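Observations on chain architecture
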Amino acid sequence: MIIDDLSKLLPKATVRYDTSRAIVTESSLQSKINHLEWTGSCFQCIDPAIAKEMSSVFQKFGNQNNIFCCDCDGLTIFEHEGQKYLFLTELKSNFDSKDLYHACEQLISSYIKINMVLSLLPTYEKEEFIVKGFIAMRPPNKDVLLDWHAAQFARPNKSIQRENQLALSLCHHNPSKSLIIKPSTHGALKDFNLGPKGIFKEMELIFVPVDSGNGISLDVKRYI
C-alpha cells in the first residue's frame, strides 16, 4: 500500500489505514465546521502536514502569496471496483466567495505538493487516480448569489471577479454543486508552466453545504 511505503520514507509522519471511515478535522476553535467523516470504503489517510511543511520551500524561494503556499485539511486515498481515488478536503465556516476561492487554491496546492512526495514511491502512479476536491461550508444565501451575479456587470477587479464567478458557477443554478478544474483554465495555475507529471489533468471540485451543526458524514459512493 502507498501508506506503507510512505511510512518508510517519512516515519515521523502520521499515516494510517482504516477499514470503515476517514475523519478530516479542522483544529481552529473559531471554525463552525470542524470535521467531515468519509465512509463506505477502506481508507489510506495521509497527514496533510506533509504538504504543509513543503510550503516553506516556496515561501523562502518563491512568492509567499502564490498558490504553492497554502494547504487543505484532508488527504484521503481509497479504491472502489478497481479504480483508485484521491479525495482532498477543505473545511470552512460561513459562505464567502473569497474563502471559497481560497479553499479551491488550498486543494490544488496540497495536490501539487503531495503528488511530489508520492511520486517518490514505487506503489504510486499519478495516472491511476481520479482526483476530487471537496469544500465543506455553510450554504450561500440566494440573495447574496444574485447580488454577486449583478456585481459581475459592475467591472470589479480581476480577483473579485474570479471569486464571484467561481461562487456562481459552483453554487448557483448548479444542482450537482460541482465543476471540472483544468490547469490550462484555472486562473491561479495559468501563470506557472507546470509539467504534466506535477499536476492533475483535471480535478472535480465539489461544494458540500453543511446547513447546521459542526460536521457532516458522507459516503464516498455518492461521489464516484
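Please refer to the structure higher up on the page.
In this report, the structure presented in the accompanying data block is examined. (Residues numbered from 1 in each chain as written. Predicted model: local features only at pLDDT ≥ 70, side-chain atom pairs only at ≥ 80, totals over all residues. Heavy atoms only, no water.)

Some remarks on helix α3 (residues 97-118)
- Between its first and last C-alpha atoms α3 spans 32 Å; for 22 residues at 1.5 Å apiece the expected length is 32 Å, and the two agree.
- N-capping of α3 is provided by Asp96, with a side-chain oxygen placed 2.9 Å from the backbone N of Lys98. (Helix = DSSP H or I, 4+ residues; strand = E, 2+ residues; numbered from the N terminus. Expected span 1.5 Å × (residues − 1). Polar contact = N/O pair within 3.5 Å; in protein donor to acceptor, adjacent residues only side chain to side chain.)

Quick word on the side chain of Ser178
- In this fold, Ser178 is placed in strand β8 (residues 178-181).
- Judged by its relative accessible area of 16%, Ser178 falls in the buried class.
- At 3.0 Å, the side chain of Ser178 and the side chain of Ser176 are in polar contact.
- There is a polar contact of 3.2 Å between the side chain of Ser178 and the side chain of Glu204.
- Those residues in contact with Ser178 that lie beyond four places of it in its chain are Leu170, Glu204, Leu205 and Ile206. (Buried < 20%, exposed > 50% of the residue type's maximum accessible area, 1.4 Å probe, protein only. Contact = heavy atoms within 4.5 Å.)

Looking at the sheet that holds strand β3 (residues 35-39)
- One open sheet holds the three strands; their spatial order is β2-β3-β10, and the pairing between them is mixed. Where the open sheet ends on each side, the last strands, each with one partner, are β2 (21-25) and β10 (215-219). Sheet twist, expressed as the average angle between the axes of neighbouring strands with direction ignored, equals 15°.
- Where β2 and β3 come together, five bridges link them in antiparallel fashion. Residue Ala22 lies in a different strand from β3, and its bridge partner there is Trp38. (Pairing = 2+ DSSP bridges. Axes fitted to C-alpha atoms, helices over the stretch in contact; angles between N-to-C directions.)

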